[in-house]
Amino acid sequence: MKEPVFSKATLGRLPIYLDYLRTGDHGEYISAAEISRALGLGDVQVRKDLNSVSGTGKPKIGYKTTELIAALESVLGRKAATPIVIVGAGKLGKALLDFDGFDEYGIKISAAFDVDKRLLCDRILPMDNFTNYCRLYDIHAGIITVPAACAEEVCDIMIKSGITAIWNFAPTVLNVPENITVCQENLALSLAHLTMKLRK
Ligand SMILES: NC(=O)c1ccc[n+]([C@@H]2O[C@H](COP(=O)([O-])OP(=O)(O)OC[C@H]3O[C@@H](n4cnc5c(N)ncnc54)[C@H](O)[C@@H]3O)[C@@H](O)[C@H]2O)c1
C-alpha cells in the first residue's frame, strides 16, 4: 500500500500530538476535542490530522490511546529511523550532521562523506566508500551539501548507489530520472518570504 503524504503543516504537528500522548495518563481512549483543548489547536484541524494518521476514531469516544500512539510512531518512524547520508561535510554539511532535531521525524543521519581527507573522522567517511556504505546499510535518501559545480556529479553517484530521495542544498537544478525525488532547499527564499511580510 502507498504511504500517505502529509502536508508540511500536518507533519509539523504530529510530533506535538505524540509528545502529548506519551506524557501523562490519558486513559484508554482520547478524543480529538481533548487533544485540541490541551494543545490549544483548532478542533477541526486536530480531527483532520488524526484521521489522516489513524482513521476516524469511535464516535463520542475517540481514539484508543495506545493505537493512536503506535500510528503516530509509525508515521514519524520513531520505531525504526530512516537512515540518510550527507555528501559534503563542509560548513553546512557538518551543521546538519550535528543537528539532532531530525530524530523527531524519524530520520537519522548515519554518516557524511567528503573528498577532503582532512575532514575524515568516525562520522565523516571518504567518498570512495560511499556506494558500498549505501548498499550495506540500505540507504535510500541523501543530502547534497557540496559546491554547485560538483552537485550533479554527486547526484549521479547517489543514484548509482541506490538513493532515490535527495535533499539538495547546492544552488543548481539537478537532472534526475522520474523515479528520483529531489527537494531543492533554499534558505534565502524562506528568509525573503519572511521579510516580505515586514513590508506589508
Ligand atoms: N540552499 C541553501 O539555503 C544553502 C545555504 C548555505 C549553503 N548552501 C550551499 O550548500 C553547499 C555547501 O556550502 P558550504 O558553505 O557548506 O560549503 P563548504 O565549502 O564549507 O563545504 C563543501 C564541502 O563539499 C566537499 N566536496 C567538494 N566536492 C565534493 C565531491 N565531489 N564529493 C564529496 N564532497 C565534496 C568539500 O570538500 C567541502 O568539505 C554549497 O553549494 C552552498 O552554495 C545552500
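Residues numbered from 1 in each chain as written. Predicted model: local features only at pLDDT ≥ 70, side-chain atom pairs only at ≥ 80, totals over all residues. Heavy atoms only, no water.

Identification of the protein as Redox-sensing transcriptional repressor Rex from Ruminococcus albus 8 is taken from an unreviewed UniProt entry. In its Subunit (unreviewed entry) section, UniProt records this for the protein: "Homodimer." The record in UniProt for the protein states the following under Subcellular location (unreviewed entry): "Cytoplasm". (UniProt positions renumbered as here; feature names shortened; annotations may be inferred.)

Caption draft 1: Layout of the domain arrangement of the protein. The domains assigned to the protein are domain 1 (8-76) and domain 2 (82-192). Using C-alpha coordinates to define each centre, domain 1 is positioned 33 Å away from domain 2. (Domains from an automatic or database assignment.)

Caption draft 2: View of the site of the ligand. Taken together, the neighbourhood of the ligand is formed by 24 residues, with Leu92, Asp114, Val146, Glu185 and Leu187 sitting nearest. Contact between the ligand and Lys91: an oxygen atom at 2.9 Å from a main-chain N or O atom of the residue. For the ligand, an oxygen atom lies 2.7 Å from a polar atom in the backbone of Leu92. In isolation the ligand offers 850 Å² of accessible surface; the protein chains occlude 74% of this area. Where the shell around the ligand is concerned, the elements lending two or more residues are α5 (91-98) and α7 (148-160). Broken down by element, the shell around the ligand gets its largest block of residues, four residues, from α7. Residues that form the shell around the ligand fall into these classes: 15 nonpolar, four polar and five charged. (Near = heavy atom within 4 Å. Polar contact = N/O pair within 3.5 Å; in protein donor to acceptor, adjacent residues only side chain to side chain. Areas by Shrake-Rupley, 256 points an atom, 1.4 Å probe, with all protein chains shown as cover. Helix = DSSP H or I, 4+ residues; strand = E, 2+ residues; numbered from the N terminus. Nonpolar A, V, L, I, M, F, W, Y, C, P; charged D, E, K, R; others polar.)

Caption draft 3: Highlighting unusual backbone geometry. A positive phi angle, near 65°, is found at Lys60, a position not held by glycine. In the Ramachandran plot, Asp138 falls in the positive-phi region, its phi being about 55° despite a non-glycine side chain. As for its position among the elements, Asp138 is in the loop between α6 (130-136) and β6 (141-144).

Caption draft 4: Up close: the UniProt feature "binding site: NAD(+)" (unreviewed entry) in the protein. The sites that UniProt annotates as "binding site: NAD(+)" (unreviewed entry) are Gly88, Ala89, Gly90, Lys91, Leu92 and Gly93. Its location among the elements puts Gly88 in the loop between β3 (82-87) and α5. Judged by its relative accessible area of 5%, Gly88 is buried. When neighbours within four sequence positions are excluded, Gly88 is seen to be in contact with Gly93, Phe113, Asp114, Thr145 and Val146. For Gly93, the location among the structural elements is in helix α5. Beyond its immediate chain neighbours, meaning those up to four positions away, Gly93 contacts Ile86, Gly88 and Thr145. (Buried < 20%, exposed > 50% of the residue type's maximum accessible area, 1.4 Å probe, protein only. Contact = heavy atoms within 4.5 Å.)

Caption draft 5: A look at helix α2 (residues 32-39). Looking at α2, one finds that the buried residues are Ala32, Ile35 and Ser36. Looking down the long axis of α2, one finds its buried residues gathered within 95° of arc, a one-sided arrangement. The secondary structure elements touched by the buried residues of α2 are α1 (8-22), β1 (29-30), α3 (43-54) and α4 (65-76). Immediately beyond the C-terminal end of α2, within one or two residues, lies Gly40, with a positive phi of roughly 65°. (Arc of directions from axis to C-beta.)

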